[in-house]
Amino acid sequence: MLFQFGDFDLTKYMVAGSYNSQPNSRQDLGSYTDAYGITRRNALHHTKTIITFKIMEMDAETMKYIMGNLVRNYNNFDERDNENCSYYDTELCVVKNGAHFYLDPSFKQNVKYVDEITLEPSEYGETSFTFTEY
């Protein structure tokens with residue numbers, strides 16, 4: 001398992017080799033460089049992980065299934081978030097459970113083909129996902 005949003009595991013839809021993790025990014029508050037050129041850091045205890053990956057090309061029904069499961073797992077529709085995500089932490093080499101992530105606000109889907117009759121998407125190209133931990 002690489003990434004699960006709520007109860008929906010996205011791992012089997014990922015393009016091989018596309019999972020990227022920016023694990024446990026440190027955050028600073030009020031850090032500065034003093035008059036001697038020495039950086040004085042105030043690293044916060046809380047860290048954020050950013051997960052990116054691509055999902056494979058697929059037909060419209062499969063994409064509807066994926067998006068339906070993501071939306072079903074939103075805690076807050078406007079924030080596209082879930083407080084019970086699991087992911088593989090590449091720094092500590094463990095699966096972490098219960099993390100709070102949101103789907104990138106500028107999420108875009110790649111429509112590859114449109115059905116000539118219904119004029120709705122019939123096939124999607126690879127689509128990139130970015131999830132950021134709160």
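As a further point, take helix H1 (residues 60–72). Three- or four-residue spacings in an α-helix give side chains the same orientation, since the helix completes a turn every 3.6 residues. Helix length check: H1 (13 residues) gives 18 Å between terminal C-alpha atoms against 18 Å at 1.5 Å per residue, within 8%. Taken residue by residue, H1 has Ala60, Met63, Ile66, Met67, Asn69 and Leu70 as its buried positions. If you follow the buried residues of H1, they end up packed against strand E1 (3–5), strand E2 (8–9), strand E6 (48–55), strand E7 (58–59), strand E11 (121–124) and strand E12 (127–133).

Attention now moves to the environment of Asp34. Tracing the backbone through its elements, the reader meets Asp34 in the loop between strand E4 (32–33) and strand E5 (39–40). In this structure, the C-alpha to C-alpha distance between Asp34 and Val111, residues 77 residues apart in sequence, is 51 Å. A polar atom in the side chain of Asp34 sits 2.8 Å from the backbone nitrogen of Tyr36.

To continue, consider the sheet that holds E12. The strand order across the open sheet built from 7 strands is E2-E1-E8-E9-E12-E6-E3, with neighbouring strands paired in antiparallel fashion. Edge strands, defined here as strands with exactly one partner in the open sheet, are E2 and strand E3 (20–25). Direction of pairing for strand E9 (residues 94–103) relative to E12: antiparallel, over a ladder of 3 bridges. Within the sheet, the bridge partner assigned to Tyr102 lies in E12 and is Thr132.

This brings us to the packing of aromatic side chains. Inspection of the entire model under this criterion finds 14 aromatic pairs. The interplanar angle of 75° and the centroid separation of 5.2 Å between the aromatic rings of Tyr87 and Phe101 together place this pair among those described as edge-to-face. Placement of Tyr87 in strand E8 (residues 81–89) and of Phe101 in strand E9 is noted, with a sequence separation of 14 residues between them. Phe101 shares its class with Tyr87; the two are buried. In textbook terms, an aromatic cluster arises when at least three aromatic residues are bridged by ring pairs, as seen for Phe3, Phe5, Phe53, Tyr74, Phe77, Tyr87, Phe101, Phe107, Phe129 and Phe131.

Spatial strand order, E7-E11-E10: 3 strands in an open sheet with antiparallel pairing. The two strands at the open ends of the sheet, each matched to only one other strand, are E7 and strand E10 (111–114). Here E7 pairs with E11 via 2 bridges, running antiparallel. Within the sheet, the bridge partner assigned to Asp59 lies in E11 and is Glu123.

Among the surface-exposed residues, Val111, Val114 and Leu119 lie close enough to one another that they form a single nonpolar patch of about 280 Å² accessible area. Inspection of the secondary structure puts Leu119 in the loop between E10 and E11.

Counting 26 residues, the largest nonpolar core has Phe3, Leu10, Phe53, Leu70, Phe129 and Phe131 as its most contacted members. Elements that contribute at least two residues to this core include exactly E1, E6, H1, E8, E9 and E12. The leading source of residues in this core is H1, at 5 residues.

So, how was this worked out
- Residues numbered from 1 in each chain as written.
- Predicted model: local features only at pLDDT ≥ 70, side-chain atom pairs only at ≥ 80, totals over all residues.
- Heavy atoms only, no water.
- Helix = DSSP H or I, 4+ residues; strand = E, 2+ residues; numbered from the N terminus.
- Expected span 1.5 Å × (residues − 1).
- Buried < 20%, exposed > 50% of the residue type's maximum accessible area, 1.4 Å probe, protein only.
- Contact = heavy atoms within 4.5 Å.
- Polar contact = N/O pair within 3.5 Å; in protein donor to acceptor, adjacent residues only side chain to side chain.
- Pairing = 2+ DSSP bridges.
- Phe/Tyr/Trp six-rings, centres within 6.5 Å; stacked < 30°, edge-to-face > 60°.
- Patch = residues over 30% accessible without salt bridge, like charges linked within 9 Å, V, L, I, M, F, W, Y side chains within 5 Å.
- Areas by Shrake-Rupley, 256 points an atom, 1.4 Å probe, with all protein chains shown as cover.
- Salt bridge = Lys/Arg side-chain N within 4 Å of Asp/Glu carboxyl O.
- Core = buried A, V, L, I, M, F, W, Y, C linked by side-chain atoms within 4.5 Å.

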